[in-house]
Amino acid sequence: MSNLRRSWSPKGIRAVLPQQQAYSNGYLFSAVSPITGEDFHLLLPAMTSDIMKIFLLELKKQHPDKEVVLVWDNAPCHRRKDLHNIKGLTLINLPSYSPELNPIERYFEEIRRITANMIFKSLDKCEELIIEAVNGWSDPERLKRLLGYGWILEQWGEVI
């Protein structure tokens, strides 16, 4: 489905943007540390609790000897109780309707910007562009600048 954004056009000429109503779904699951800039991503076919569990188990495999703390929103696929029973993984729910508290929303905004005002012939072509965008944000220092909100860094400093 089209991801329309504002665009520029010459004065007096209305901008004509491509639009597509048919759609296929794929979902980018991401975890990014605003403290270290480490990131982990999977493109998966659905946004369900079963798929979320796959993502969480894969995330935990990346850090087998560490306690992983994941702060996330209150999406329906985050609510199932067994997701909170993965050993070595602590899940913290944010209050409902508070995207400003969730740094990953800022990251997704940057990723969505890449697909704005474009039409894709297939989901594969869209996913290729998203993978390219994710890889473009793989620099930990760049991610820390994007997501390291002052209040997060301040709270982290008090924990250490």
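Note that this is a predicted model, so its numbers are computed, not measured. (Residues numbered from 1 in each chain as written. Predicted model: local features only at pLDDT ≥ 70, side-chain atom pairs only at ≥ 80, totals over all residues. Heavy atoms only, no water.)

J.: Just give me the short version of the pairing of strand β3 (residues 68-72), but keep the residues and values in it.
T.: Burial along β3 is one-sided: the residues Val 68, Leu 70 and Trp 72 are buried and none of Val 69 and Val 71 is. Where β3 lies against strand β4 (residues 89-93), five bridges are found, and the strand directions are parallel. Its bridge partner being in β4, Val 69 is matched across the sheet by Thr 90. (Buried < 20%, exposed > 50% of the residue type's maximum accessible area, 1.4 Å probe, protein only. Helix = DSSP H or I, 4+ residues; strand = E, 2+ residues; numbered from the N terminus. Pairing = 2+ DSSP bridges.)

J.: Mind laying out helix α3 (residues 123-136), listing which residues take part and the relevant values?
T.: The first and last C-alpha atoms of α3 sit 20 Å apart over 14 residues, in line with the 20 Å expected at 1.5 Å per residue. Turning to α3, its buried residues number three or more, namely Cys 126, Leu 129, Ile 130, Ala 133 and Val 134. Along the axis of α3, the buried positions cluster into a sector of 140°, meaning they face one direction only. Counted as exposed and oriented over 90 degrees from the buried face of α3: Asp 124 and Glu 132. On its buried side, α3 packs onto β1 (27-32), β2 (39-44) and α2 (103-115). (Expected span 1.5 Å × (residues − 1). Arc of directions from axis to C-beta. Contact = heavy atoms within 4.5 Å.)

J.: An account of the packing of α2 against α3 is needed here, citing residue identities and associated values.
T.: α3 packs onto α2 with a crossing angle of 130° between their chain directions and a minimal axis gap of 9 Å. It follows from the interaxial angle that α2 and α3 lie oblique. Of the two elements, α2 crosses α3, and the hand of that crossing is right-handed. Packed against α2, whose contacting residues are Tyr 107, Ile 111, Ile 114 and Thr 115, the element α3 presents Cys 126, Leu 129, Ile 130, Ala 133 and Val 134 at the interface. Taken together, the residues of the contact of α2 with α3 break down into eight nonpolar, one polar and no charged. (Axes fitted to C-alpha atoms, helices over the stretch in contact; angles between N-to-C directions. Parallel < 35°, antiparallel > 145°, perpendicular 65-115°, else oblique. Left-handed = near helix turned anticlockwise from the far one by under 90°. Nonpolar A, V, L, I, M, F, W, Y, C, P; charged D, E, K, R; others polar.)

Read these as geometric descriptors, not functional statements.
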